[in-house]
Amino acid sequence: MAHGCCQLGITFFTKEWLRHFDGPFHLRFFNGGWLEETHLGAPEVCRRIDQLVCKSDVRLSARVFTRDFDSSSAKITASLNDMLNSGESDRETAVICDVDIDKQSVVIESIGSGSLLANIWGKATTTYPCQTGHSYDKVVSRAYFKALQTNRPVYDQVMAAMVKPTGAIHWIGYQRVIFPRKHVHNEKPRVMVNCELAAVDIQLF
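Residues numbered from 1 in each chain as written. Predicted model: local features only at pLDDT ≥ 70, side-chain atom pairs only at ≥ 80, totals over all residues. Heavy atoms only, no water.

Draft legend 1. Spotlight on the overall build of the protein chain. Along the protein chain, the regular secondary structure elements total six helices and eight strands. The secondary structure elements of the protein chain, listed N-terminal to C-terminal, are α-β-β-α-β-α-β-β-α-α-α-β-β-β. Each of the 205 residues in the protein chain was classed as buried or not, and the buried ones make up 41%. Considering only residue pairs separated by 6 or more positions, the protein chain has 57% of its internal contacts joining residues 24 or more positions apart. Here the protein chain has roughly 12000 Å² of accessible surface; of this, 54% comes from carbon and sulfur atoms. (Helix = DSSP H or I, 4+ residues; strand = E, 2+ residues; numbered from the N terminus. Buried < 20%, exposed > 50% of the residue type's maximum accessible area, 1.4 Å probe, protein only. Contact = heavy atoms within 4.5 Å. Areas by Shrake-Rupley, 256 points an atom, 1.4 Å probe, with all protein chains shown as cover.)

Draft legend 2. Molecular detail of unusual backbone geometry. One non-glycine residue, Gln 104, adopts positive backbone phi at about 55°. Within the secondary structure, Gln 104 sits in the loop between strand E4 (94-100) and strand E5 (105-111). Taking relative accessible area as the criterion, Gln 104 reaches 47% and is therefore assigned partly exposed. The backbone of Asn 151 shows a phi angle near 55°, a positive value even though the residue is not glycine. Following the sequence through the fold, Asn 151 ends up in the loop between helix H6 (142-150) and strand E6 (154-163). With a relative accessible area of 46%, Asn 151 lands in the partly exposed category.

Draft legend 3. Structural detail: helix H2 (residues 42-54). Relative to the 18 Å expected for 13 residues at 1.5 Å per residue, H2 spans 18 Å between its end C-alpha atoms, a close match to the ideal helical length. For H2, the complete set of buried residues consists of Ala 42, Val 45, Cys 46, Arg 48, Ile 49 and Leu 52. Buried residues of H2, seen end-on, are gathered within an arc of 160° and therefore sit on one face of the element. Away from its buried face, by an angle of more than 90 degrees, H2 presents the exposed residues Pro 43, Arg 47 and Cys 54. (Expected span 1.5 Å × (residues − 1). Arc of directions from axis to C-beta.)

Draft legend 4. The layout of surface pockets, seen in detail. Taken as a whole, the largest pocket encloses approximately 650 Å³ of empty space. Taken together, 24 residues make up the lining of the largest pocket; nearest its centre are Leu 35, Glu 36, Glu 37, Met 159 and Gly 173. Taken together, the elements giving at least two residues each to the lining of the largest pocket come down to strand E2 (34-39), H2 and strand E7 (169-181). Residue composition of the lining of the largest pocket, by class: 13 nonpolar, six polar and five charged. (1 Å grid on protein atoms, 1.4 Å probe; cavity = no way out; pocket = protein on both sides within 12 Å on 5 of 7 lines; lining within 4 Å. Points joined across faces, edges and corners; volume = space filled by probe spheres on them. Nonpolar A, V, L, I, M, F, W, Y, C, P; charged D, E, K, R; others polar.)

Draft legend 5. The arrangement of empty space enclosed by the protein in detail. As enumerated under the stated definition, the model contains one cavity of 30 Å³ or more in all. In this structure, the largest cavity encloses a volume near 330 Å³. Elements represented by at least two residues in the lining of the largest cavity include exactly E4, E5, helix H4 (116-121), helix H5 (135-140), E7 and strand E8 (190-197). In terms of residues, the lining of the largest cavity owes the most to one element, H4, which gives four residues. When the residues that make up the lining of the largest cavity are grouped by side-chain class, the tally is 19 nonpolar, five polar and two charged.

Draft legend 6. Expanded view of the nonpolar core. If you look at the biggest cluster of nonpolar residues, it comprises 30 residues, and the most contacted ones within it are Tyr 136, Tyr 144, Ile 178 and Val 191. Broken down by secondary-structure element, the contributors of at least two residues to this core are E4, E5, H4, H5, H6, E6, E7 and E8. The greatest single-element share of this core, amounting to five residues, is contributed by H6. Residues contacting Tyr 136, with those up to four places away along its chain left out, are Val 64, Tyr 128, Pro 129, Ala 160, Met 162 and Tyr 174. Residues Leu 27, Ala 42, Ile 202 and Phe 205 belong to the second largest nonpolar core, which totals 18 residues. (Core = buried A, V, L, I, M, F, W, Y, C linked by side-chain atoms within 4.5 Å.)

Draft legend 7. Up close: the pairing of E4. Counted residue by residue, E4 has six buried out of seven residues, so it is predominantly covered. In terms of strand pairing, E4 meets E8 through five bridges, oriented antiparallel. Its bridge partner being in E8, Val 95 is matched across the sheet by Val 193. When E4 meets E5, the two strands line up antiparallel, connected through six bridges. (Pairing = 2+ DSSP bridges.)

So this is what it looks like as structure tokens:
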């Protein structure tokens with residue numbers, strides 16, 4: 001009980017202290033993984049601190065969430081929107097995956113040197129995002145099958161707790177566009193996935 005009172009006292013002091021400064025403010029907190037947020041003003045960040053204190057005992061059972069873009073969603077980035085309008089993926093920033101629809105399996109074929117994956121984890125196919133069988137793989141790959149089955153690009157948002165090269169777990173939000181590439185001359189079906197770190201309309205806590 002005393003420990004809880006001490007934490008609340010520190011929180012109250014922090015909020016009062018923040019009111020004397022101009023933004024922006026950067027919050028960094030841990031809940032199943034490190035999460036970082038930016039808030040422009042003191043009233044906004046103080047409200048967010050109150051929300052986090054009220055939800056401090058919430059533990060998420062899932063570690064990855066996806067959401068389609070709709071009228072209430074975060075705005076799609078300019079570069080991803082350009083790809084959608086042109087109907088062409090940027091190979092330099094794309095991750096190309098071989099997809100076996102019957103077996104519901106995905107294997108990474110190549111990683112673009114300018115891709116989000118390469119920028120964080122490098123181009124080795126043994127890193128966490130490239131591994132198969134865990135919850136991240138199972139959830140994010142569902143859209144690959146959808147893109148191939150409908151033969152239309154899929155664009156959505158992802159928020160996932162992922163193991164970074166340092167070994168620390170971070171919540172990472174990103175937008176992506178998935179282009180289907182139907183098999184030709186007995187080649188395997190493929191998808192080309194372009195991702196960007198960007199605001200997502202998925203609030204966890």
